[in-house]
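Residue-level structural notes
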Amino acid sequence: MRGLGDLESAIMDRLWSYRRPASVRDVLEDLRREREIAYTTVMTVMDKLHTKGLLRRKPVGRAYIYEVVATKEAYTAELMRNTLASSGNQAATLVHFLERLTPQEAEALDAALKVYPLRSRT
């Protein structure tokens, strides 16, 4: 799994923020508040996101209604996990990651570990 391109990210961010299924037209109108963009461009990118498994869709009339498959947090966690799994030295990668945490990120990590403690090493 790799990261998203700029337009893919913009579309996914909007769909995650809606917390409901949406049409290409819904996303298009939202995107047009910030930039000029064609309907077919948004439709093509949403189709690609569907093909990648990030969106599911169902036909409604002559169009599709799209919804996200996973939350933004779950998607980000999967990206992080895949990146770690592909590193040559996972321990070193984690050390470098931890060295770069801001105080707020370190607090978030600490809180997450209290909710989901490390698994037993046995």
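This section reports on the structure supplied with the text. Because the structure is predicted, anything quoted here is derived from the model rather than measured.

1. With respect to the nonpolar core
- Core analysis: the biggest nonpolar cluster contains 22 residues, and I11, L15, V27, L31, V42 and M46 have the highest contact counts within it.
- Mapped onto this core, the elements with two or more residues apiece are α1 (6–18), α2 (24–31), α3 (39–51) and α4 (72–86).
- Not counting chain neighbours up to four residues away, the residues in contact with L31 comprise L7, A10, I11, R14, I37 and V42.

2. A closer look at the packing of aromatic side chains
- Evaluated as defined, the whole model comprises 2 aromatic pairs.
- Arranged with centres 5.8 Å apart and planes meeting at 40 degrees, the rings of W16 and Y75 form a pair that is tilted. Separated by 59 residues along the polypeptide, W16 in helix α1 and Y75 in helix α4 bring together distant segments of the chain. In this pair, the class of W16 matches that of Y75, namely buried.
- Here the basic side chain of R20 rests over the ring of Y18, its NZ or CZ set 4.9 Å away from the ring centre.

3. A few points about the environment of A63
- Mapped onto the elements of the fold, A63 is located in strand β3 (residues 63–68).
- Classification of A63 by relative accessible area gives partly exposed; the value is 33%.
- Measuring from C-alpha to C-alpha, the distance between A63 and R19 comes to 19 Å, with 44 residues separating the pair along the chain.

How each quantity is defined
- Residues numbered from 1 in each chain as written.
- Predicted model: local features only at pLDDT ≥ 70, side-chain atom pairs only at ≥ 80, totals over all residues.
- Heavy atoms only, no water.
- Core = buried A, V, L, I, M, F, W, Y, C linked by side-chain atoms within 4.5 Å.
- Buried < 20%, exposed > 50% of the residue type's maximum accessible area, 1.4 Å probe, protein only.
- Helix = DSSP H or I, 4+ residues; strand = E, 2+ residues; numbered from the N terminus.
- Contact = heavy atoms within 4.5 Å.
- Phe/Tyr/Trp six-rings, centres within 6.5 Å; stacked < 30°, edge-to-face > 60°.
- Lys NZ or Arg CZ within 6 Å of the ring centre and 35° of its normal.

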